[in-house]
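Chain by chain, the residues:
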2 protein chains.
Amino acid sequence: MDLLVVGSVALDSVKTPFGQVTEALGGSATYFSYAASFFTSVGVVATVGEDFPSVHLDLLRGRSVDLSGLQVAKGETFRWVGEYGYDLNEARTLATHLNVFADFKPQLPDQLKTPSLLFLANIDPELQRAVLRQVERPRLVALDTMNFWIDGKRQALLEVVGEVDALVVNDREARQLAQEANLIKAALTLHSYGPRTVVIKRGEYGALMVNSGRFFFTPAYPLESVFDPTGAGDTFAGGFMGYLARQGRFDEPTLRRAIVYGSVMASFTVEDFSLERLKRLKESEIGARFDSFQELVNFEGRA
Amino acid sequence: MDLLVVGSVALDSVKTPFGQVTEALGGSATYFSYAASFFTSVGVVATVGEDFPSVHLDLLRGRSVDLSGLQVAKGETFRWVGEYGYDLNEARTLATHLNVFADFKPQLPDQLKTPSLLFLANIDPELQRAVLRQVERPRLVALDTMNFWIDGKRQALLEVVGEVDALVVNDREARQLAQEANLIKAALTLHSYGPRTVVIKRGEYGALMVNSGRFFFTPAYPLESVFDPTGAGDTFAGGFMGYLARQGRFDEPTLRRAIVYGSVMASFTVEDFSLERLKRLKESEIGARFDSFQELVNFEGRA
């Protein structure tokens, strides 16, 4: 197993100014693994209820995602209901039904205990630490989190952040976790908490990385219509980690290309609801959009 | 004269979370011309009152700025009072005393009527057109505006926008003028109004350009402390136009480097109040920061 993700598999009901879906496939581990599958072999540790439609499992299996770590628990699948206004940068949560996810205790089957790379998606930081105790030291561990844990379990979160190689959060989470309004200072503060690499996702403003003290910026791909931003951050992480797993090294040029591949994958996800755009995605489109990113930001040096 | 700017010279009182100044030198033509003077010869058409401190004129003359188009009118100089919260992206205007600026009728002395490049800073669009009637067709004309004119004189503004080569506005102005929330669509809509080049300033998120349909993005320089964003947009325009004037051509690679030089100059302005940082600025710092921008965004192509 090259890459393992521990996170959520969910059914999302989402409304945007451009349409809506009901109980569509969602969840951090879903978006992450589907995006990463274009680059590397990937396994999922998560939980769903007995009501989870098998068609969704078939979809992931169709991408060769290893689902041996997916627990099917008594009860209903995690459901999220949210909506976006014309400012698509922030979702308004209307309902969160944790259901079986409330009792999720990640248990890694033996064959998933030696991943080369590990992504700890947004779950309770104590569970993130418990997962770290179950794996043999992977070559790179990255972690995401959210405001709920920053508020409620700050100390546990800081402890696990101190144990990982890379932190992948959005700009609001970065500011909140660092307790610092200036995003550049916030990035450096998070860097000082331990992770060698800090990646900050900024929605329509792209992403930035601090790696061993050096900054890298990339814009978001210019899209004339963003349909639904749900899953963009997890898709970004899947492209980022998937590319790193494929390359098997973490030097600055590789990390920079990984950030761009993450941005590429996220730019597809937001073009439609749920995983619809990713389901139609061709390998050749990924390369073409990567090249477009380079065209977007390149300029010649001083004469 | 390589570059001419028509705009305001003002006395600004500004409060930010990091300090305050009272009746400091400000105004669009001031920031613009001071920044541009690092690249080319620049002249100013503006008006001040009889109370305007001569020390400020000496400062501009010290940069060889041509002030033969600066009218000293009976009355008091334009004054602006504003403040910023921790979100430094938007100023709150506390008071605007137009004073002599209310009756400003730009009159170009003969020696300023043949500029190679012309920048119409944010003034009444009817005055912007009147200036266009006074110059022999320059090689490139760029224009800035603000919400007040977009609301109040939309038709006159659209007419003058249709006559210029480049539009340089911030993101809110772009959305408002294009009547379009999606910034990419807004940029293309503004492009369709006539200007071959549309530059959109995004504060801490950098800048984007659409030139003949092609997009270019640059981040803002990562600063750990932004002291006062007043004048950043006009400084950006000064660096942008100053570099273009020096190079004397407007092809895509030159325009891209000009955007970066604009960003470089703006990144210095925000490091202190008024023109304080620009006053201390050395030529070598400009080149070094330009190189840093390249380092910030560069990544290698697909293997």
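Residues numbered from 1 in each chain as written. Chains lettered and ligands numbered in written order. Predicted model: local features only at pLDDT ≥ 70, side-chain atom pairs only at ≥ 80, totals over all residues. Heavy atoms only, no water.

> Hey, could you run me through the overall build of chain A in this one?
Along its length, chain A carries eleven helices and 13 strands. Scaling as 2.2 N^0.38, a compact globule of 303 residues should have a C-alpha radius of gyration of about 19 Å, and chain A matches this with 18 Å. With respect to the three principal axes, the spread of C-alpha positions in chain A is 65 × 40 × 35 Å. Counting the 303 residues in chain A, one finds 60% classified as buried. At a minimum sequence separation of 6, the contacts of chain A that also span at least 24 residues come to 63%. Of the roughly 11400 Å² of accessible surface on chain A, a fraction of 48% belongs to carbon and sulfur atoms. Computed over 31 positive and 38 negative side-chain charges, the inter-centroid distance for chain A is 4 Å. (Helix = DSSP H or I, 4+ residues; strand = E, 2+ residues; numbered from the N terminus. Rg over C-alpha atoms; globule rule 2.2 N^0.38 Å. Buried < 20%, exposed > 50% of the residue type's maximum accessible area, 1.4 Å probe, protein only. Contact = heavy atoms within 4.5 Å. Areas by Shrake-Rupley, 256 points an atom, 1.4 Å probe, with all protein chains shown as cover. Lys, Arg positive; Asp, Glu negative; His and termini not counted. Charge placed at Lys NZ, Arg CZ, Asp CG, Glu CD.)

> What should I look at first to understand the interface of chain B and chain A in this one?
Frequently, the measure chosen for interface size is the accessible area removed from exposure when the parts meet. On the side of chain A, 37 residues touch chain B, which itself brings 38 residues to the contact. Around 3700 Å² of area is buried between chain B and chain A when both sides are counted, 54% of it from carbon and sulfur atoms. For Glu295 of chain A, the salt bridge is made with Arg256 of chain B, and the minimal N-O distance between the two is 3.7 Å. Contributions of two or more residues to the side of chain B that touches chain A are made by helix H7 (183-192), strand S13 (214-218), helix H9 (252-269) and helix H11 (283-297) of chain B. The element contributing the most residues to the side of chain B that touches chain A is H11 of chain B, with nine residues. Looking at the side of chain B that touches chain A residue by residue, the class counts come to 20 nonpolar, six polar and twelve charged. (Buried area = accessible area lost by both parts, 1.4 Å probe. Salt bridge = Lys/Arg side-chain N within 4 Å of Asp/Glu carboxyl O. Nonpolar A, V, L, I, M, F, W, Y, C, P; charged D, E, K, R; others polar.)

> Can you walk me through the sheet that holds strand S5 (residues 66-73) of chain A in this structure?
To summarise the sheet geometry, strands pair through backbone hydrogen bonds and adopt either a parallel or an antiparallel arrangement. All names here are of chain A. Read from one edge to the other, the open sheet built from nine strands follows the order S5-S4-S1-S8-S9-S10-S11-S12-S13, with strand pairing classed as mixed. Of all the strands in the sheet, just S5 and strand S13 (214-218) have a single pairing partner and so form its edges. On average, adjacent strands in this sheet sit at an angle of 15 degrees to one another, irrespective of strand direction. In the sheet, strand S12 (residues 207-211) pairs with S13 via five bridges, with the strands oriented antiparallel. Within S13, the position partnered with Asn211 by the bridge is Arg214. (Pairing = 2+ DSSP bridges. Axes fitted to C-alpha atoms, helices over the stretch in contact; angles between N-to-C directions.)

> What am I meant to see in the pairing of S13 of chain A here?
The side chains of a regular strand alternate between the sheet's two faces. Buried residues dominate S13 of chain A, accounting for four of its five residues. Where S12 of chain A folds back onto S13 of chain A in an antiparallel hairpin, the turn is made up of two residues, including Ser212 of chain A, whose phi is positive at roughly 45 degrees.

> Sorry, what's going on with helix H7 (residues 183-192) of chain A here?
Because an α-helix packs 3.6 residues into every turn, residues spaced three or four apart end up facing the same way. Residues and elements named next belong to chain A. Within H7, the full set of buried residues consists of Leu183, Ile184, Ala186, Ala187, Leu190 and His191. Taken end-on, H7 shows its buried residues confined to a sector of 160 degrees, consistent with a single buried face. The N-cap residue of H7 is Asn182: its side-chain oxygen and the backbone nitrogen of Ile184 are 2.9 Å apart. (Arc of directions from axis to C-beta. Polar contact = N/O pair within 3.5 Å; in protein donor to acceptor, adjacent residues only side chain to side chain.)

> Explain the pattern of salt bridges here, please?
Close approach of charged atoms allows side chains with opposite charge to pair. Residues and elements named next belong to chain A. Tallying each qualifying case throughout the model produces 53 salt bridges over all chains. Of the charged contacts, one joins Glu163 and Arg129 as a salt bridge, the two residues approaching to 3.3 Å between their closest N and O atoms. Here Glu163, found in the loop between helix H5 (154-161) and strand S10 (166-170), pairs with Arg129, found in helix H3 (residues 125-134); they are 34 residues apart in sequence, far enough to count as distant. Look at Glu163 and you get partly exposed, because its relative accessible area is 26%. We classify Arg129 as partly exposed; its relative accessible area is 28%.

> What exactly am I supposed to notice about the relation of the copies chain B and chain A here?
One chain copy maps onto the other through a rotation about an axis and a shift parallel to that axis. It takes a turn of 180 degrees to lay chain B on chain A, together with a shift of 0.0 Å along the axis; the resulting RMSD is 0.0 Å. The symmetry that links the two subunits is that of a two-fold axis. A share of 97% of the interface residues of chain B reappears at the interface of chain A, consistent with the copies meeting face to face through the same patch. (Least-squares fit on C-alpha atoms with pLDDT ≥ 70 in both.)

> Just to check I follow, could you spell out the packing of aromatic side chains for this structure?
We describe a pair of aromatic rings using the distance from one ring centre to the other and the angle between the two ring planes. Here the structure, examined in full by the defined rule, presents 33 aromatic pairs over all chains. Where Tyr243 of chain B meets Tyr261 of chain B, the ring centres are 4.6 Å apart and the plane angle is 25 degrees; that geometry is what we call stacked. Highlighted residues: Tyr243 of chain B in helix H8 (residues 232-247) and Tyr261 of chain B in helix H9, separated in sequence by 18 residues. Each member of the pair Tyr243 of chain B and Tyr261 of chain B is classed as buried. Members of the aromatic cluster, connected to one another through ring pairs, are Phe39, Phe216, Tyr243, Tyr261 and Phe290 of chain A together with Phe299 of chain B. In this structure, Arg63 of chain B is placed above the aromatic ring of Tyr34 of chain B, and the distance from its NZ or CZ to the ring centre is 5.8 Å. The side chain of Arg289 of chain B reaches across the aromatic face of Tyr221 of chain B, ending 4.4 Å from its centre. (Phe/Tyr/Trp six-rings, centres within 6.5 Å; stacked < 30°, edge-to-face > 60°. Lys NZ or Arg CZ within 6 Å of the ring centre and 35° of its normal.)

> Looking at this structure, how should I read the environment of Gly213 of chain A?
Mapped onto the elements of the fold, Gly213 of chain A is located in the loop between S12 and S13. In sequence terms Gly213 of chain A and His191 of chain A are 22 residues apart; their C-alpha atoms lie 7.9 Å from each other.

> Just to check I follow, could you spell out the side chain of Asp124 of chain B for this structure?
All names here are of chain B. Mapped onto the fold, Asp124 is located in the loop between strand S8 (117-120) and helix H3 (125-134). In this structure Asp124 comes out as buried when scored by relative accessible area, which is 15%. A polar side-chain atom of Asp124 sits 2.8 Å from a polar atom in the side chain of Lys153. Excluding residues that lie within four positions of it along the chain, Asp124 makes contacts with Trp149 and Lys153.

> What is the right way to read the confidence of the model for chain A from this model?
Low-pLDDT stretches of the model should not have their predicted coordinates read in fine detail. Looking at chain A as a whole, its pLDDT mean stands at 96, while 100% of the residues score no less than 70. Among the scores for the predicted complex, ipTM is 0.92 and pTM is 0.95. (pLDDT = per-residue confidence, 0-100.)

> Can you walk me through the packing of H3 of chain B against helix H5 (residues 154-161) of chain B in this structure?
The axes of two packed helices give the description: the angle between them and the distance between them. All names here are of chain B. Between H3 and H5, the shortest axis-to-axis distance is 8 Å and the interhelical angle comes to 30 degrees. Between H3 and H5, the crossing angle belongs to the class labelled roughly parallel. H3 and H5 meet at a crossing whose hand is left-handed. Contacts between H3 and H5 involve Pro125, Glu126, Gln128, Arg129 and Leu132 from the first element and Ala156, Leu157, Glu159 and Val160 from the second. Taken together, the residues of the contact of H3 with H5 break down into five nonpolar, one polar and three charged. (Parallel < 35°, antiparallel > 145°, perpendicular 65-115°, else oblique. Left-handed = near helix turned anticlockwise from the far one by under 90°.)

> What is the right way to look at the sheet that holds strand S5 (residues 66-73) of chain B in this model?
Residue and element names in this part refer to chain B. Across the sheet, nine strands lie side by side as S5-S4-S1-S8-S9-S10-S11-S12-S13; this open sheet has mixed pairing. The open sheet has two free edges, formed respectively by S5 and S13, since each of these has just one partner strand. For this sheet the average axis-to-axis angle between neighbouring strands, irrespective of direction, equals 15 degrees.

> Looking at this structure, how should I read the packing of helix H6 (residues 171-178) of chain B against H7 of chain B?
Residue and element names in this part refer to chain B. Interaxial distance between H6 and H7 falls to 9 Å at its minimum, and their mutual angle equals 65 degrees. Taken as a pair, H6 and H7 cross one another with a handedness that is left-handed. Taken together, the residues of H7 that come into contact with H6 (itself represented by Asp171, Ala174, Arg175, Leu177 and Ala178) are Leu183, Ala186, Thr189 and Leu190. Per-class residue counts for the contact of H6 with H7 are six nonpolar, one polar and two charged.

> Please explain unusual backbone geometry as it appears in this structure.
In terms of backbone geometry, most residues other than glycine have negative phi values and most peptide bonds are trans. Positive phi values are uncommon outside glycine, yet Gln179 of chain A reaches one of about 55 degrees. By the secondary structure assignment, Gln179 of chain A is in the loop between helix H6 (171-178) and H7. The class for Gln179 of chain A is exposed, based on a relative accessible area of 60%. Residues other than glycine seldom take positive phi values, yet Ser64 of chain B does so here, at roughly 65 degrees. Following the sequence through the fold, Ser64 of chain B ends up in the loop between helix H2 (54-62) and S5.

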